[in-house]
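Topology and contacts: notes
These are the residues of each chain, in order.
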Amino acid sequence: MTGLVTWQADDGRGIEGTRLLMSGRGLRALGRMVRAGDGTADPAFTASYRLDAGDSGRVRRIAVTSATAGRERHLTLNRTDDGFWLIDTGSGTGRSDFKGAVDVNLAFSPLFNTLPIRRLGLHRNRGDQVIAVAFVSLPDLTVEVAEQRYRTVSTLGEGEWPGQGTVEFAWDVFTAEIVVDAEGVVHLDLKPENILVDGE
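The present account deals with the structure reproduced in this document. What you are looking at is a predicted structure, and each value in this text was computed from that prediction instead of being measured. (Residues numbered from 1 in each chain as written. Predicted model: local features only at pLDDT ≥ 70, side-chain atom pairs only at ≥ 80, totals over all residues. Heavy atoms only, no water.)

Comments concerning the side chain of S137
Summarising the element assignment, S137 is placed in the loop between β10 (128-136) and β11 (143-154). Of the residues examined, S137 reaches a relative accessible area of 13% and is grouped as buried. For S137, the side chain forms a polar contact with the side chain of D140, separated by 2.6 Å. At 2.6 Å, the side chain of S137 and the side chain of T142 are in polar contact. With near-sequence residues (within four places) excluded, S137 lies in contact with A107 and T142. (Helix = DSSP H or I, 4+ residues; strand = E, 2+ residues; numbered from the N terminus. Buried < 20%, exposed > 50% of the residue type's maximum accessible area, 1.4 Å probe, protein only. Polar contact = N/O pair within 3.5 Å; in protein donor to acceptor, adjacent residues only side chain to side chain. Contact = heavy atoms within 4.5 Å.)

Written out as structure tokens, the structure reads:
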């Protein structure tokens, strides 16, 4: 199944568009985001990414490029079969297990919450999971391990629309309810006319 999804940030200063190719729990995505600065410590930037999550839903590779007015940065993360991540910044390489993380979360992007929700099937079966993720900040592309919680609020068919489920997301003191479609893809407005459709 292929499709296009777009999101607008709650604060009105960002937009993201992604082309998705999904099969089973596997997912490939090609996306771009643009974010306006707030005039203080939050600079304006653009970013693009290529994401590959295998049949198990675990991330195999992500490549991210970000650009501000003053600088362009690159980051590639490749997960090896033995559970380590190879980190390439274009000017140096490294290796980490990121405390066993198999998911990546990219700052400001709704799409990346889709990864653990689909992998764990939380939109279809009730669950409550605390997981480690490799969190990639923007626009500086630093990587740190974050502990995040995903808890099913309503499975498919229990929400306002038949093809809708809701999962609560929590990180530190921040919590939000995430609305997803039948494929587990995050949507900001999941009315029938906005549900992801097959692009083929």
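Back to the text.
Quick notes on the pairing of strand β13 (residues 174-180)
Where strand β12 (residues 165-171) meets β13, seven bridges bridge the pair, whose relative direction is antiparallel. Bridging from a neighbouring strand, F169 pairs with A176 of β13. Following β12, the chain reverses through two residues before pairing antiparallel with β13; D172 in that reversal takes a positive phi of roughly 60°. Bridge count for β13 against strand β14 (residues 186-187) is two bridges, and the pairing is antiparallel. The partner of V180 across the bridge, within β14, is V186. Linking β13 back to β14 in an antiparallel pair, the connection comprises five residues, with G184 at a positive phi of about 85°. (Pairing = 2+ DSSP bridges.)

Some points on the packing of aromatic side chains
All told, the structure shown has six aromatic pairs when counted by the stated rule. Pairing F45 with F108 gives two aromatic rings, centres 5.7 Å apart and planes at 45°, and the pair type is tilted. One end of the pair, F45, is in strand β4 (residues 45-53); the other, F108, is in the loop between β9 (103-106) and α1 (114-120), and 63 residues separate them in sequence. Classification of F45 as buried rests on a relative accessible area of 2%. Judged by its relative accessible area of 42%, F108 is partly exposed. Taken together, the ring pairs in this structure connect Y150, F169 and F174 into an aromatic cluster. Over the face of the ring belonging to F84 we find R95, whose NZ or CZ atom lies 4.0 Å from the ring centre. (Phe/Tyr/Trp six-rings, centres within 6.5 Å; stacked < 30°, edge-to-face > 60°. Lys NZ or Arg CZ within 6 Å of the ring centre and 35° of its normal.)

Overview of the side chain of D42
Tracing the backbone shows D42 in the loop between β3 (26-35) and β4. Taking the relative accessible area as the measure of exposure, D42 reaches 16% and is therefore buried. Side chain to side chain, D42 and R13 meet in a polar contact 3.0 Å long. Leave out the neighbours within four places in its chain, and D42 touches R13, R35, G37 and F108.

Topic: the nonpolar core
Counting residues in each nonpolar core, the largest one holds 44 residues, and the members touching the most others are L51, L77, V104, F112 and L138. Once residues within four sequence positions are removed from consideration, V104 is found in contact with V59, I62, L77, W85, F112, L115, A134 and V136. (Core = buried A, V, L, I, M, F, W, Y, C linked by side-chain atoms within 4.5 Å.)

Structural notes on the pairing of strand β7 (residues 85-88)
Burial along β7 is one-sided: W85 and I87 are buried, while L86 and D88, pointing the other way, are not. Both strand β6 (residues 72-79) and β7 contribute to a ladder of four bridges, which runs antiparallel. Residue pairing in the sheet places T76 in a bridge with D88 of β7. Taking the residues between adjacent antiparallel strands as the criterion, β6 and β7 are bridged by five residues, where G83 takes a positive phi near 90°. Counting the residues in the hairpin turn of β7 and strand β8 (residues 93-96) gives four residues, including G90, whose phi is positive at 90°.

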